[in-house]
Amino acid sequence: MQKALKVMIVAGEASGDGHGAKLVREIRKITLDLEVSFFGAAGPQMRDEGVLPVVMADELSVVGVAEIGGALPMFLRAMRSLKKAASEQRPDVAVLIDFPDFNLKLAKALKKQGVPVVYYISPQLWAWRKYRVNSIRKNVDLMLAILPFEKEWYARNDFANVEYVGSPLAREVHPHRTRAEFCAAHGLDPQKPVISLLPGSRQKEIQRILPVLLESAAEINKCRPEVQFVIALADDRRVEFTEKELLRAGKTAEGLSGKVRIAVNETFDALYASDVAAVTSGTATLETGIIGTPMAIVYKTSAMNYALLKPLISVEHYGLINLIAGERLAAELIQHEFTARSLSNELFRLLEPATNAVMRSKLKAAADKLGAGGASKRAAEAILKLVGAH
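Residues numbered from 1 in each chain as written. Predicted model: local features only at pLDDT ≥ 70, side-chain atom pairs only at ≥ 80, totals over all residues. Heavy atoms only, no water.

Participant: For this particular structure, what's the right way to read a positive patch on the surface?
Facilitator: Together, Arg77, Arg80, Lys83, Lys108, Lys112 and Lys138 make up a region of like positive charge exposed at the surface. Elements with a contribution of two residues or more to the positive patch: α4 (72-89) and α5 (100-112). Among the elements that make up the positive patch, the one with the highest residue count is α4 (3 residues). With respect to the element layout, Lys108 can be found in helix α5. Lys108 gets classed as partly exposed once you look at its relative accessible area, which sits at 46%. (Patch = residues over 30% accessible without salt bridge, like charges linked within 9 Å, V, L, I, M, F, W, Y side chains within 5 Å. Areas by Shrake-Rupley, 256 points an atom, 1.4 Å probe, with all protein chains shown as cover. Salt bridge = Lys/Arg side-chain N within 4 Å of Asp/Glu carboxyl O. Lys, Arg positive; Asp, Glu negative; His and termini not counted. Charge placed at Lys NZ, Arg CZ, Asp CG, Glu CD. Helix = DSSP H or I, 4+ residues; strand = E, 2+ residues; numbered from the N terminus. Buried < 20%, exposed > 50% of the residue type's maximum accessible area, 1.4 Å probe, protein only.)

Participant: How do you make sense of the packing of aromatic side chains when you look at a structure like this?
Facilitator: The geometry of an aromatic ring pair is captured by two quantities: the separation of the ring centres and the angle between the planes. Overall, the coordinates contain 6 aromatic pairs when judged by the stated rule. For the ring pair Phe99 and Phe102, a centre distance of 5.8 Å and an interplane angle of 40 degrees mean the geometry is tilted. The pair formed by Phe99 and Phe102 is uniform in burial state, with each residue classed as buried. Aromatic side chains Trp126 and Phe149 sit 5.0 Å apart centroid to centroid with 85 degrees between the ring planes, which places their arrangement in the edge-to-face category. Pair noted here: Trp126 is in the loop between β5 (117-120) and α6 (133-139) and Phe149 is in the loop between β6 (142-145) and α7 (150-156), with a separation of 23 residues, a long-range link. In this structure an aromatic cluster arises from ring pairing among Phe75, Phe99 and Phe102. (Phe/Tyr/Trp six-rings, centres within 6.5 Å; stacked < 30°, edge-to-face > 60°.)

Participant: For this particular structure, what's the right way to read the sheet that holds strand β4 (residues 93-97)?
Facilitator: The sheet built from 7 strands is open, its strands ordered β3-β2-β1-β4-β5-β6-β7 with parallel pairing. Two strands close off the open sheet at either side, each with one partner strand: β3 (52-56) and β7 (162-164). The average undirected angle you get between the axes of adjacent strands in this sheet is 20 degrees. As judged from the 7 bridges shared by strand β1 (residues 4-10) and strand β2 (residues 35-42), these two strands associate in the parallel manner. The partner of Leu5 across the bridge, within β2, is Val36. (Pairing = 2+ DSSP bridges. Axes fitted to C-alpha atoms, helices over the stretch in contact; angles between N-to-C directions.)

Participant: What exactly am I supposed to notice about α5 here?
Facilitator: Each α-helix turn comprises 3.6 residues. Residues three or four places apart therefore point the same way. When the terminal C-alpha atoms of α5 are compared, their 18 Å separation across 13 residues agrees well with the 18 Å that a helix rising 1.5 Å per residue should span. What α5 keeps buried is the set Pro100, Phe102, Asn103, Leu104, Leu106, Ala107, Ala109 and Leu110. If you follow the buried residues of α5, they end up packed against β1, α4, β4, β5 and α6. Downstream of α5 by one or two residues, Gly114 has phi in the positive range, about 85 degrees. (Expected span 1.5 Å × (residues − 1). Contact = heavy atoms within 4.5 Å.)

Participant: Is there a simple way to think about the pattern of salt bridges in this case?
Facilitator: Here the idea is simple: oppositely charged side chains can pair when their charged atoms come close. Evaluation of the coordinates by the stated rule reveals 19 salt bridges. For Lys364, the salt bridge goes to Asp368, with nearest N and O atoms at 3.3 Å. Here Asp368 and Lys364 lie together in helix α16 (residues 353-368), a separation of 4 residues that amounts to about one turn. Beyond isolated ion pairs, a larger network of salt bridges with shared partners links Arg177, Glu266 and Asp269.

Pasting the structure below:
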């Protein structure tokens, strides 16, 4: 058996950084008799777990074709740095987490260097850009799938090196405080309705989505002044912009700013304390579904991005929780359908007790499809088995 193991691990977004941190912890637990080192593109959570950051993953997260084009020099620098590090350090395995626009190109370069490539969190090829499966066949040694239908999808598309490990969110998404505790910490009345607003984690997302969320909150405030709002942010980098947007909205909507709180790194607690939520499409819709909070799914990108990307989308639902459920549990307000009026109407509907109870029941059934937890451990075992260290 090996006495040392060197792992290259690459994430490019906050969610991938979180999955990577859990994976690193599980690999360390399993390999107590090995000296294991990690390096790559790491965000704050992976850095806290001891991953040496060749590239700061925090800097890589952008949205859309136009934004990626503007950030191209940064991506090229990051790619060169990671390729150079792989060449010099010769890792036993590279684990690439989601982030397909970058990681599929990196996989090709690593394959040329002879580095075994594991892809964790499959790109959503079943939803769009199906042609990318050709690149995966050539450059990926093992795909770790987290959604129940993905292994079968890959089999139908002539790629068999897939292991279904389950969702790393299953049984791991839960609040740390009760509704009463969260409300007390943020000056909210637990006896009155609470709505969470999740504007996304990327700067461009928040810039486009948060203003509409606040406009909708203002409309709700006019009709239901007892309703309270929480803006849930993934980290403190977006607080200043959020505060400015809230101040702007407060000037045009009487009494709104006094009913809106900002919660940082408390998303699960905020969702659990909320009666309903407006959630930006992405991993957060799955997290919200697991917690069981009725939601409306929203998204808005630039007109150019939408025109370029919409023809490539081949699924009936955008929201992950809807895809898991196999039906439109949560309304999807995308692009031109995402307006303050459409969102406020949907949130009003979800606040109705009977409607709310039905959606909570259906969300629980969908979340149960994700399995009983332990995905990070199974992913770690599969990676170590590939390199003969387990």
